[in-house]
Amino acid sequence: MNLNLFNNKSILEQEYILKYFYLLDPQPLVSEIRIDLKQKGISKLDMSSETIDIFFHTVFDHMYSHASQYVKFIPVTGFKDCFFGEPGGKTKYKDPYFQFIAFAFVLKLALYNYCISEGFFHNLEQDYYFNRPELCAPLEVKYKKYFSSGFFSNRFYEKSSDLNSKTKEDSRQTWYHHKKNTENAAPKDFVYFVFNDCKKIADLDSSQTLVPWIYKFPIYTYFRENTVSSLSRNLSASSQGAMRNTLPLYIQLYRALLQDEKNANFTSSADTFIFQTMNERYFGFSTFSYITDLIPDINGSMTDLKSVPSQYSGSQFNNVLKELSVCPLVYSRHFFLKYALEALNDNDTLETKYLQSPSQSLMTHSVSSRVLSDTQKSVKGIELLDQFFQTLNQVALPILSALWNTTLQYLIPDFMSEEPTTYFQTYIEKHLGILTADFTKFTDDEIYNCFQKYMHSKEVNPYWNEFVKDIENLYDLKISKSRPSSKDIPAAQQAIYSNRFLYAANNSFTSSLLRGFLLRPMEHATEVATAPYPFSYISEDESGSNNNPAINEAYNFQYKRAQEIFSLFHD
């Protein structure tokens, strides 16, 4: 389910790329972590959630510091390397400097949550799929009872005589449509895309499609759900009628999946996390909810250009919104957009400081920045927004994911006596709310107040023990107030999504944004499958005979890299 450029790379390949391309060696990092954990009295993890918390926090703190060159555009320590020349919002905030550092603290928490998610899914697949291929079952309606529950809620599959009975349900339209397209490899079918994206289409044995047990509930739900089939057909059409029906079908799908989760009656928060993460990955309910909040400002109805989004409205800004769908931060990608828009607010110069040379950095401090006109700000703002998400998606997140998993590979044998998935499951059971949190639900004042408590805290590790703890408690309180738990399902195990799109106007502009948002991951999957990366080997002959600009760019980059290495030893 990865979206980053390390997709399909083994852990060993990832380590080599980190070490020799990004100059990030996991082994010295592991040594630092071992020393720190020893000082904290942790030599072996038990199933205590507190011990597991300390372990993951410690790994992330060292890893984040180790990768600082690639993440320091998140200004948790100040604005020396910030991306937009923050702080903006001079007329909005009483204390813009600390307000943006408070926002940055939340961005860092989102990156940590992403690492937990990456580690959980990676080890889940290693423990229960790739190393145990027998843990699959045929995708047939007659296995409905087993597929209708989550993996952790009903882990073991037992054969019985009634499983071989024939059923007329297997020939119904929705099921037949998806099954035919999956087996015939029709890439435009949504369910085929889900299977392929998760890399979970096992070898076909005659007419059987095998599903790994770990993803049995989400895949079975998508496979049988009429609304998934209807939306998939809608997205493949381009008529005005199809455009009008996209948002209503999206809303129907949201309600159907919400009900499917309640009916599943999960007994483990890990099942809730798997299902919600896949729903946000493929449908992006929370992110599109935030996009609908921006629609009044960017669809032409605002003419005074007082709002930040309206200053950048147009096809290029719409493309930025569409690109959010391929950002792996499925729960918090739109908070990164909120941060970027706030940084652009009241910002007259829009000068990035990230990875600028020392001479340039000194110059920006000593020489007054040139104030841009409104037209120049619009052009520069869009350019920086695009670069911000490219840096996040193609640099920071892939590096954090690879560094997290490769580092854990060295630590697991010494610190984890059980399967690694078990420790991630324990963590998720305790922290489901904050792991799936939509941070745009916090007010600016709420985030600022949590930061102020951090500033005056006497805790040993105030970021985790004060700031993150307060954010988590505040979010759990918001959930409990917004939706009381039912008699049968604890609040922590119920579906919680942002759903402001329920109230969006069903017009061509909204439909266009939604369709672009939903279709972009399919396009991205094709691009990723064929695109060369800077660390891909490109021969001189291949570069000279190829008309693909990406291949030529990769070769030119490697040529310049060789020149730099040569100059290091000869200048």
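The structure this text deals with has already been given above.
Below, the structure is looked at part by part. (Residues numbered from 1 in each chain as written. Predicted model: local features only at pLDDT ≥ 70, side-chain atom pairs only at ≥ 80, totals over all residues. Heavy atoms only, no water.)

### Some words on the environment of Phe21
Phase 1: Position of Phe21 among the secondary structure elements: in the loop between helix H1 (11-20) and helix H2 (26-39).
Phase 2: Here Phe21 falls in the buried class, since its relative accessible area comes to 17%.
Phase 3: The spatial distance from the C-alpha of Phe21 to the C-alpha of Phe535 is 6.8 Å, given a sequence separation of 514 residues. (Helix = DSSP H or I, 4+ residues; strand = E, 2+ residues; numbered from the N terminus. Buried < 20%, exposed > 50% of the residue type's maximum accessible area, 1.4 Å probe, protein only.)

### Remarks on the packing of helix H5 (residues 96-130) against helix H16 (residues 333-344)
Phase 1: It is the contact of H5 with H16, at a shortest axis distance of 10 Å, that shows an interaxial angle of 160°. What the angle tells us is that H5 and H16 run roughly antiparallel. Handedness of the crossing formed by H5 with H16: left-handed. Contacts between H5 and H16 involve Phe100, Phe103, Ala104, Val106, Leu107, Ala110 and Leu111 on the former and, on the latter, Phe335, Phe336, Tyr339, Glu342 and Ala343.
Phase 2: When grouped by side-chain class, the residues that make up the contact of H5 with H16 number 11 nonpolar, no polar and 1 charged. (Axes fitted to C-alpha atoms, helices over the stretch in contact; angles between N-to-C directions. Parallel < 35°, antiparallel > 145°, perpendicular 65-115°, else oblique. Left-handed = near helix turned anticlockwise from the far one by under 90°. Contact = heavy atoms within 4.5 Å. Nonpolar A, V, L, I, M, F, W, Y, C, P; charged D, E, K, R; others polar.)

### Quick word on the packing of aromatic side chains
Each aromatic ring pair is characterised by the separation of its centres together with the angle its planes make.
Phase 1: All told, the structure shown has 64 aromatic pairs when counted by the stated rule.
Phase 2: Taking the centre distance of 5.8 Å and the plane angle of 20° together, the rings of Phe283 and Phe285 count as stacked.
Phase 3: The exposure class of Phe285 is buried, given its relative accessible area of 0%.
Phase 4: Just above the ring of Tyr463 sits the side chain of Lys108; from NZ or CZ to the centre is 4.7 Å. (Phe/Tyr/Trp six-rings, centres within 6.5 Å; stacked < 30°, edge-to-face > 60°. Lys NZ or Arg CZ within 6 Å of the ring centre and 35° of its normal.)

### Quick notes on a nonpolar patch on the surface
Phase 1: The grouping of Leu12, Tyr16 and Tyr20 at the surface amounts to a nonpolar patch, some 360 Å² of accessible area in total.
Phase 2: Locating Leu12 in the fold gives a position in helix H1. (Patch = residues over 30% accessible without salt bridge, like charges linked within 9 Å, V, L, I, M, F, W, Y side chains within 5 Å. Areas by Shrake-Rupley, 256 points an atom, 1.4 Å probe, with all protein chains shown as cover. Salt bridge = Lys/Arg side-chain N within 4 Å of Asp/Glu carboxyl O.)

### Observations concerning helix H15 (residues 315-323)
Along an α-helix, residues three or four apart share an orientation, since each turn contains 3.6 residues.
Phase 1: Among all positions of H15, only Phe317, Asn318, Val320 and Leu321 are buried. Down the axis of H15, the sector holding all buried residues measures 150°, keeping them to one side. Relative to its buried face, H15 has exposed residues pointing more than 90 degrees away, namely Ser315 and Gln316. (Arc of directions from axis to C-beta.)

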